[in-house]
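Residue-level structural notes
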Amino acid sequence: MKSMTKQKPIEEIQQSLESLDKVFIVGCGTCTTLTNTGGVEQVDEMKDKLQEMGKWLTGAVVIPTACDDMTDVAMKENEQAIRSADCLLSMSCALGVHRMSLYLDIPVIPAVDTLFIGVEETPGLFREACAQCGQCLLGITAGVCPITACHKSLVNGPCGGTNNGKCEVDSEKDCAWTLIYNRLKEQNRLHLMHQYQPPRNHHITLQPKSMKIS
Amino acid sequence: MVSRFKEALDSGKFVITSEVAPPKGTNLEKMQHHIELLKDKVDGINITDHQSSAMRFPSLGGCLAVLESGGEAIMQMTCRDRNRMALEADLLFAYSRGVRNVLCLTGDAVPVGDHKEAKGVFDLDSLQLLNAIDCLAGGEDLGGNALDGAVEFCMGAIVTPEAEPLEPQLIKFEKKVEAGAEFFQTQAIYDLENFKKFMDYARKFNTKILAGIVLLSSARMAKYMTANVPGIFVPQELIDEMSAVPKEEMLAKGVEIAGRTIAALKKDNLCNGVHIMAIGREETVPDILAAAGI
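Below, the structure is looked at part by part. Quantities reported herein were computed from a predicted structural model and do not represent experimental measurements.

For chain B, the helix and strand inventory stands at 11 helices and 8 strands. For 294 residues, the compact-globule formula gives about 19 Å, and the C-alpha radius of gyration of chain B, at 18 Å, lands near that figure. Referenced to the eigenvectors of the C-alpha coordinate spread, the extents of chain B come out at roughly 60 × 45 × 40 Å. The 294 residues of chain B split such that 52% are buried. Taking the contacts inside chain B whose residues are at least 6 apart along the sequence as the reference set, 77% of them involve residues at least 24 apart.

Another point: the environment of V245 of chain B. Residue and element names in this part refer to chain B. Summarising the element assignment, V245 is placed in the loop between α9 (236–243) and α10 (250–267). Residues V245 and A219, spaced 26 residues apart in sequence, show a C-alpha to C-alpha distance of 9.3 Å. When near neighbours in sequence (up to four residues on either side) are disregarded, V245 contacts M250 and K253.

What follows covers the packing of helix α2 (residues 29–38) of chain B against helix α3 (residues 59–68) of chain B. All names here are of chain B. Where α2 meets α3, the closest approach of the two axes is 10 Å, and the angle between their N-to-C directions is 45°. It follows that α2 is oblique to α3 by the angle criterion. Handedness of the crossing formed by α2 with α3: right-handed. Counted together, M31, Q32 and I35 of α2 and G62, A65 and V66 of α3 form the full contact between these two elements. Along the lines of polarity and charge, the residues of the contact of α2 with α3 split into 4 nonpolar, 2 polar and no charged.

Each side of the interface is counted separately: chain B has 28 residues, and chain A has 25 residues. Secondary structure elements with two or more residues in the side of chain B that touches chain A: α5 (126–137) and α6 (167–178) of chain B. Here the element with the most residues in the side of chain B that touches chain A is α6 of chain B; it accounts for 7 residues. For the side of chain B that touches chain A, the residue count by class is 12 nonpolar, 7 polar and 9 charged.

It is worth spelling out the nonpolar core at this point. By size, the foremost hydrophobic cluster in this structure holds 105 residues, and its most contacted members are M75 and I133 of chain B. Residue contacts for M75 of chain B: discarding those within four places in its chain leaves I47, S59, L60, C63, A94, V99, N101 and V102 of chain B. Core analysis: the next-biggest nonpolar cluster, separate from the first, contains 28 residues, C31, M46, I82 and A111 of chain A among them.

To continue, consider the pairing of strand β2 (residues 22–28) of chain A. All names here are of chain A. Where burial is concerned, most of β2 is hidden: 6 out of the 7 residues are buried. Judged from the 7 bridges that link them, β2 and strand β3 (residues 56–63) form a sheet pairing that is parallel. Bridge assignment links C28 to a residue of β3, and that residue is I63.

Attention shifts here to the environment of F195 of chain B. Residues and elements named next belong to chain B. Its place among the elements puts F195 in helix α7 (residues 192–202). Considered as a pair, F195 and P161 are 34 residues apart in the sequence and their alpha carbons are 6.8 Å apart. If near-sequence neighbours (up to four positions away) are discounted, F195 is found in contact with P161, I189, A211 and L270.

This paragraph deals with the sheet that holds strand β6 (residues 112–122) of chain A. Residue and element names in this part refer to chain A. On the basis of which strands lie adjacent, the open sheet formed by 3 strands has the order β1-β6-β7 and antiparallel pairing. This sheet does not close on itself; its edge strands, each paired only once, are β1 (2–7) and β7 (125–128). Taken over all neighbouring pairs, the strand axes of this sheet differ in orientation by 60° on average, direction set aside. Direction of pairing for β6 relative to β7: antiparallel, over a ladder of 4 bridges. Its bridge partner lying in β7, V119 is registered against R127.

What follows concerns unusual backbone geometry. Cis geometry is adopted by the peptide bond preceding P208 of chain A, which originates at Q207 of chain A and carries an omega value of -5°. Within the fold, P208 of chain A resides in the segment after α9 (191–194). E164 of chain B connects to P165 of chain B through a cis peptide bond whose omega is -5°. Its location among the elements puts P165 of chain B in the loop between β5 (154–159) and α6. The residue H50 of chain B is not glycine, and still its phi comes out positive at about 45°. Tracing the backbone through its elements, the reader meets H50 of chain B in the loop between β2 (44–47) and α3. Phi at S52 of chain B takes a positive value of approximately 55°, unusual for a residue other than glycine. Along the polypeptide, S52 of chain B turns up in the loop between β2 and α3.

Here is what the cut-offs are and how they apply
Residues numbered from 1 in each chain as written. Chains lettered and ligands numbered in written order. Predicted model: local features only at pLDDT ≥ 70, side-chain atom pairs only at ≥ 80, totals over all residues. Helix = DSSP H or I, 4+ residues; strand = E, 2+ residues; numbered from the N terminus. Rg over C-alpha atoms; globule rule 2.2 N^0.38 Å. Buried ≥ 20, exposed ≤ 12 C-beta atoms within 10 Å, placed from the backbone. Contact = placed C-beta atoms within 7 Å. Axes fitted to C-alpha atoms, helices over the stretch in contact; angles between N-to-C directions. Parallel < 35°, antiparallel > 145°, perpendicular 65-115°, else oblique. Left-handed = near helix turned anticlockwise from the far one by under 90°. Nonpolar A, V, L, I, M, F, W, Y, C, P; charged D, E, K, R; others polar. Core = buried A, V, L, I, M, F, W, Y, C linked by C-beta atoms within 7 Å. Pairing = 2+ DSSP bridges.

Below you can see the structure in the form of structure tokens.
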């Protein structure tokens, strides 16, 4: 499971760094390293780009994981260089940006956009497997999630846009409901597709979401 | 006031519906002209709801124009742009103004339309919308609260007889029948043998089927639809027939084919009626009906 990201256009990064001249870069050794968006190589490339923009780099580091409690330790190890910066440019996913913001008073500027939490299905191919909707239907949909795998998150069967097992928004994408149908048929459980699914509750966990574990 | 369209469905006659698309803008002249052209020739006029996810004057507004003209409106309602509260509210308003028929659709995806960055809502799907209408008819909203004045709609849905694979669509069709869909307007059908097979199945259910007739305006359009539109299959013979005539006669040929198809469906009593979609060529609908001998 990885947090999937893509690098923001350099123009957008430049705009975000307006009037922030001294920059400290943080990459992440976990997800953004794997997706080639915030590992050692990309941090080095970013250093060059920032220098071209005329920024002053106070330092750069790729920490093992930007989103756990070790982030605090990594921040402390680089305290001096971070303190002398106007901002921190994060090449981790948004979870890392959030975590680092908890420890720092200076702005943490994201250099990447976080797209989804992906599961590697085949080597190199990541798919969003769970939208954390709080109402898991996988037991009746043969393990294919209609919330993430159907463009419209339909729960009662396919729409009229499905075509030869593909989706109307992209002929490369599988139609979730064709997959569900095929798998339920194989399992001899097609009766499940005949069941009416009522409208979903969009507030099972009230936004903003949090949970205290005792 | 009851639904005249429902009366036509219940009468056992061969029912004719057609559709009109509202304008992109506030100039209603063309839409009103199409409504005038059709209102006395068909049993119901569908008004499309941001067809193909392209933003337009609303279906509800078009339906009011149909009613003002003395015609019978079938309000198309998709789940793409409104959450359940907005859908329910629009149903209450539509009913209060005399709309009596609703066609429930899930709606095309947002990215295929002209507001590609808009949020697709899909709080409900077509099936849940049918149930919502049933709920409002019973005097309650989806929150379980009592209504001061209920609705009474003749409600319908769509089905794609040529879908591939077909069975998942048929499962949904059956769920829609169970939810109370009184009529179905089908996706375009061209192959009567295939449609007969579908009707052998669909006839077993307590609902009315109006076969979708989409006017072929050119051989190119016929080929395009077969290749690109989900669930539409134009047999090669028809494409050849269209291709065999000069370009300027293709539309007339399309009218002839549509008329011929309708006449065959009616003659053999294959289904309960037809839904004619002329897609931008609404002027030809009276000619199609004439070609069908209606």
